[in-house]
Structures are given as structure tokens and as C-alpha cells.
Amino acid sequence: MDAESLRCLLSGDYGLVEDALNKFNKQNSQVFNFTHFTSTGQWMLIWNKLFAYLADPSMPHRVGCLMAIKVLSRDKTYLNESVTAEQLDALLRLAGIGPVGERCDATEEVQVEALKCLSNMIFQSIKCQEMCLENASTEGIIRRVKMYKEVAYGYDIKYFDMKLLFLLTAINCDIRAKVRDQLHGLVYLVETLDLFMGQAATFKEFSDKDLDLINEVLKVLFNLTVRTGDGLVPEEEEANQFHRLVTVLHDLFFYRTLNRDRIVSLHSNIVNLLTSVPVSCYLELVTPLQTKEEQDLMQDDADESSVTPPTVPFEGKNVYVLQVLVEFLRRNFQRAEKKSDQYEMLSPVLTVLIKAIRADPVHRRYVRSVILPPLREVHDRPEIGKELRNYLCALLTSPCTQIADLSAELLFVLCKENVGRMIKYTGYGNAAGLFANRGLLGGRSVKVSEQYSSDSEDSDTEEYKQLQHGINPVIGCYEPAKPNPLEGMSEEQKEYEAMELVKLMDKLQRQGLIQPCKIGDDGRPHAVDHIMELQEEIPEQQRDYKRKT
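Residues numbered from 1 in each chain as written. Predicted model: local features only at pLDDT ≥ 70, side-chain atom pairs only at ≥ 80, totals over all residues. Heavy atoms only, no water.

### Considering the pattern of salt bridges
For step 1, the next point in the chain: A full pass over the atoms with the stated rule returns 23 salt bridges.
For step 2, the next point in the chain: With its nearest N and O atoms 3.9 Å apart, the salt bridge here joins R93 to E102.
For step 3, the next point in the chain: On the basis of relative accessible area, R93 is assigned to the partly exposed category, the value being 38%.
For step 4, the next point in the chain: With relative accessibility at 39%, the residue E102 sits in the partly exposed group.
For step 5, the next point in the chain: A salt bridge links K494 to E491, with the nearest nitrogen and oxygen atoms 3.7 Å apart. Here K494 and its partner E491 are both found in helix α26 (residues 491-510), three residues apart, which amounts to about one turn of the helix.
For step 6, the next point in the chain: Its relative accessible area of 29% is what places K494 among the partly exposed residues.
For step 7, the next point in the chain: Residue classification places E491 among the exposed residues on the basis of a relative accessible area of 56%.
For step 8, the next point in the chain: Residues participating in the shared-partner salt-bridge network are R358, E409, E417 and R438. (Salt bridge = Lys/Arg side-chain N within 4 Å of Asp/Glu carboxyl O. Buried < 20%, exposed > 50% of the residue type's maximum accessible area, 1.4 Å probe, protein only. Helix = DSSP H or I, 4+ residues; strand = E, 2+ residues; numbered from the N terminus.)

Given below as C-alpha cells:
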């Protein structure tokens with residue numbers, strides 16, 4: 001900044017200050033590093049002067065002044081040591097979220113710029129975050145949120161309210177607890193979400209602004225609910241709030257938009273939020289199908305422009321939401337081209353589907369009908385192909401253990417936690433990790449879960465039955481018969497080849513390249529000291545084979 005512009009900016013002559021502010025904001029609109037200010041001491045000089053101007057009620061250029069503060073707050077070099085509680089309170093008052101009883105006479109443009117300044121400062125400064133535990137910021141936002149029904153606040157104010165509340169609840173756990181427990185933020189934000197949906201309910205179709213606003217509310221709700229991700233059962237009052245939340249989310253799935261990318265973003269935020277919802281509340285995602293009389297009655301009451309909500313009938317229920325979730329999983333498989341993207345893109349929706357199918361047998365049977373339909377094509381390995389079963393089977397051996405575990409659990413629950421059925425759809429090799437973790441190797445410790453009905457859901461196709469005899473259970477697909485490599489060998493030759501194999505395996509073990517194991521009584525693998533210990537398993541394996549055949 002040249003000396004003359006700096007002199008005008010600091011002069012106190014509001015005629016000169018206006019031009020200097022306009023010039024400063026224009027030149028630095030895309031600047032995020034102010035080394036040329038911080039190294040010369042100009043940053044602190046300008047910063048303090050701008051707040052001095054804001055303190056003057058006769059200052060005519062508040063928007064320009066706030067825009068300059070917003071720009072300077074992008075650089076956190078001196079932010080912690082420069083910002084004061086008085087400065088933060090001044091911004092809260094200008095944003096209209098100051099202490100109770102303080103009247104805000106600022107224009108909407110001033111309030112929005114003040115909210116942007118607060119967002120930058122709270123994001124960049126730990127000191128600002130700590131001060132927000134003591135000041136009126138969270139109470140002020142929640143107070144305004146409660147007034148959305150009565151006061152016609154502009155879109156920008158509501159949008160940046162949510163932006164600021166998201167930052168506060170994301171960065172500081174104590175603020176999150178305060179908003180959720182003391183200020184009842186979960187209740188008011190669910191009401192706000194419902195309100196925004198009602199305001200945007202023309203033909204059940206969202207505009208881009210509607211979606212942006214709703215997405216911000218969903219992000220804040222995620223911050224407030226994330227503590228239940230540990231699986232604890234919420235208290236009765238909180239459980240009621242979660243049931244109400246899921247009911248609203250159910251309705252949100254039925255809204256539409258012409259912008260495909262934005263609806264994907266909406267579904268992504270809903271899925272993230274659902275990861276924090278208790279399993280018991282997932283029942284709200286599926287509703288009974290309407291009878292013919294109910295449909296006719298609704299049609300009579302609706303006006304001509306009404307849009308009929310989408311319906312996916314299954315066992316007397318409308319499972320449209322489950323269909324959306326399954327398709328969301330399919331789309332994310334196609335989008336997650338890099339393995340580094342898999343956890344972020346797949347973990348939430350896999351978690352949600354696992355919770356959904358554990359919540360109700362109807363949910364599980366529908367999702368199973370889509371992901372694990374009766375087998376027809378068994379010539380290829382289960383992990384090869386473009387169907388959801390193929391994608392999920394490929395994840396079972398993923399180096400990302402969290403994704404492998406989620407995929408395994410989803411498939412295992414769809415198979416009613418039946419080892420034999422899991423092997424049929426995935427192959428023993430792919431599922432071995434799951435079996436090892438759960439003590440199910442060898443299938444000797446399987447227990448039928450009480451949550452599943454005893455009736456079988458397997459109806460083998462004719463194609464599967466014709467090839468069943470040639471299916472290799474280890475790889476999970478049909479394998480043509482191969483010539484016996486031992487055919488024509490004498491018993492001495494067979495014994496020699498067997499001992500050579502033992503020597504090779506023993507060498508690999510001593511070099512630390514492999515660790516042979518045998519299955520213990522707990523159904524888990526246990527390391528052996530010498531390869532010859534594996535002989536102890538042979539009689540039992542032979543007995544198991546005879547029982548199965």
C-alpha cells in the first residue's frame with residue numbers, strides 16, 4: 001500500500017477514507033497473505049484504526065470498513081495478539097447477534113459483512129474461539145434462529161448465520177455442547193430445517209439458494225449430533241428429537257432440483273447426518289404405502305400443479321428412501337476412482353445402510369434384493385464386475401481396513417450373518433478377514449441370531465443350480481475341472497513332493513515372509529511354531545468334509 005493511500009486511510013477524514021477503503025478492498029479482494037503489511041507493522045495499524053472507525057456512530061462507510069476487516073482477517077499472523085473482546089463484541093452488535101436487549105440498527109448489508117468478518121476471525125484465531133464461549137455469539141445466533149418464523153430475514157443473513165454457527169460448533173467442542181445442551185440448538189435447528197423446506201415447497205422443488213441454505217443447516221445438525229456416533233442409546237427427550245429429525249429427513253429425500261450436482265450434495269449431507277442417528281430412529285425412513293382411498297383423497301385435496309411423491313413399493317411399504325441410499329452408494333462407487341477417495345466417499349453411506357438394515361427386516365430384505373439378488377452369473381469372481389455386489393466384494397480385501405470392515409458387515413448382515421450364505425455370495429477368500437475377526441473360520445462357531453427370521457431367503461436360480469457342483473467356494477465362482485497333478489505319481493513321489501513343499505513353507509516362515517496358522521477353538525487363526533503342526537488339522541478337516549458331502 002503506497003504511503004499516500006495509507007495516509008488517507010488513517011486520516012480520519014471520512015471523505016478521504018471512503019476512496020482509500022474502496023481502493024484497498026479492490027486491490028486486495030483476492031489476497032490472502034499480507035506479509036507486506038505484517039512485516040512493516042501496517043497490518044496492526046490499519047486493523048486498530050478500522051475498529052476505531054466502527055466505534056464512531058457517525059461513520060458513514062461501515063460496509064467498506066467491514067470489508068477491509070474481512071480481508072485483513074485472512075492473515076492470522078497477528079490476529080491472536082491483536083483482537084480484543086471489545087472488537088469481537090462490536091462485530092456481534094453490527095451482525096445483530098449481540099447481547100439481549102441491544103437494538104441493532106445496522107442495515108442487512110452491514111449485518112452480512114459483520115457475519116463474514118466473524119466467520120474469518122473465528123476460523124483463523126483460537127483466541128476468538130475461546131472468547132465465543134463467554135460472549136453472546138451463540139446465544140445471539142440461536143435467538144435469531146428462533147425468530148425466523150416471525151421475522152422475514154433476508155437469505156444472506158440466514159445463510160451466514162448458519163455458516164458462523166457451523167464454524168463455532170465444528171471447531172470448539174465446548175461451544176458444541178453449549179449449543180446442544182444449554183441452548184436446545186437441536187430442537188430449534190430441526191424446526192428451522194422444517195421451516196426452510198416449507199418455504200421452498202413449491203412443487204417440492206428446490207432452487208439453488210434453497211439447497212445452499214438447507215445444506216448449511218444439515219452441516220450444523222451433524223456437528224450437534226455427532227456425539228451419538230458411539231452407539232449409545234440417547235435419553236428419552238433426545239430420542240424424541242432424533243425421531244423428529246429423521247421424519248424431517250425422510251421428507252427431505254422427496255424434494256427435487258434441476259441441478260443434479262446440488263442434489264448429490266444434499267444427499268451427501270443427509271447421509272453424513274444419518275451416521276449420527278440411533279438405529280431405532282431409522283424406522284422413520286420407511287412409511288406404509290397409501291391405500292387407494294388415501295391416494296384418491298389426497299388427489300382431491302391437491303391442486304392441479306401438485307406433484308405426486310415418488311413411490312417404490314415393497315412388502316406394503318414405500319422404500320423410496322432406501323432406493324435413494326442404495327443408488328447413492330452405487331454413484332459413489334463410480335465416482336471414487338482413486339483409492340484415496342474411498343473412505344471419505346463410501347464410509348458414511350455404508351454406515352447408514354448397515355444401520356438401516358439392522359433397524360427392520362423389511363429394510364434388510366429390500367436392500368438385499370438390490371445388492372444380493374439370486375445368483376445367475378457365476379463364471380466370474382465375485383469381485384469382478386460392475387454390480388454393487390462386485391464393488392462390495394472388491395472392498396473386502398481393501399488395504400483401508402475401515403472400508404473393508406464396513407463392506408464386510410453390510411454383506412454379512414444382508415446374509416443374515418450366515419457363514420455359508422456369505423461364502424456363496426463373496427467367496428471364502430474374500431470373507432476370510434471377517435470370519436477371522438469374528439471367530440468364524442471354519443464355520444464351527446456360527447450362532448443363528450435371534451433378530452433374523454428362520455425362513456430362508458435363498459431361491460437358487462436354474463443357472464446357479466446347473467453350475468453349483470463346479471463352484472470353487474474359495475474364489476466364489478465356477479471353476480472348470482482341472483487334471484490331477486498327482487495322477488500317475490507313485491506314493492513315494494507324492495511323499496517326496498509333499499516334503500519339498502513343507503521345506504519351502506518352513507523356509508518362508510523362518511524368513512518372516514509368511515506365518516502359518518491353524519484354527520483354534522475360538523474360531524480364530526493362531527500361529528504355529530512349525531509347519532508340521534498343521535498336520536493336526538487334517539483329520540478334523542476330513543471329518544468336516546465328510547459331514548458336508
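### Some details on the nonpolar core
Across soluble globular proteins, nonpolar side chains have a tendency to be buried as a group.
For step 1, the next point in the chain: Of all hydrophobic cores here, the largest spans 152 residues; its most connected members are L193, L252 and F435.
For step 2, the next point in the chain: For this core, the element with the highest residue contribution is helix α18 (residues 320-335), accounting for nine residues.
For step 3, the next point in the chain: In this structure, L252 is in contact with L193, M197, F206, I214, L218, L266 and I270, ignoring residues within four places of it in sequence. (Core = buried A, V, L, I, M, F, W, Y, C linked by side-chain atoms within 4.5 Å. Contact = heavy atoms within 4.5 Å.)

### Section: the packing of aromatic side chains
For any pair of aromatic rings, the description consists of the separation of the ring centres together with the inter-plane angle of the planes.
For step 1, the next point in the chain: A full pass over the atoms with the stated rule returns 13 aromatic pairs.
For step 2, the next point in the chain: Measuring from centroid to centroid gives 5.6 Å for Y155 and Y159, while their planes differ by 25°, and the two rings are stacked. Highlighted residues: Y155 and Y159, both in helix α11 (residues 155-171), separated by four residues, approximately one helical turn.
For step 3, the next point in the chain: You can call Y159 buried: its relative accessible area is 17%.
For step 4, the next point in the chain: With a centroid separation of 5.8 Å and 50° between ring planes, the pair formed by Y428 and F435 is classed as tilted.
For step 5, the next point in the chain: Taking the relative accessible area as the measure of exposure, Y428 reaches 27% and is therefore partly exposed.
For step 6, the next point in the chain: A relative accessible area of 0% places F435 in the buried class.
For step 7, the next point in the chain: Positioned over the ring face of Y153 is R144, at 5.6 Å from the centre of the ring.
For step 8, the next point in the chain: For the cation-ring pair, K424 lies above Y464, with the distance from its terminal atom to the ring centre recorded as 4.7 Å. (Phe/Tyr/Trp six-rings, centres within 6.5 Å; stacked < 30°, edge-to-face > 60°. Lys NZ or Arg CZ within 6 Å of the ring centre and 35° of its normal.)

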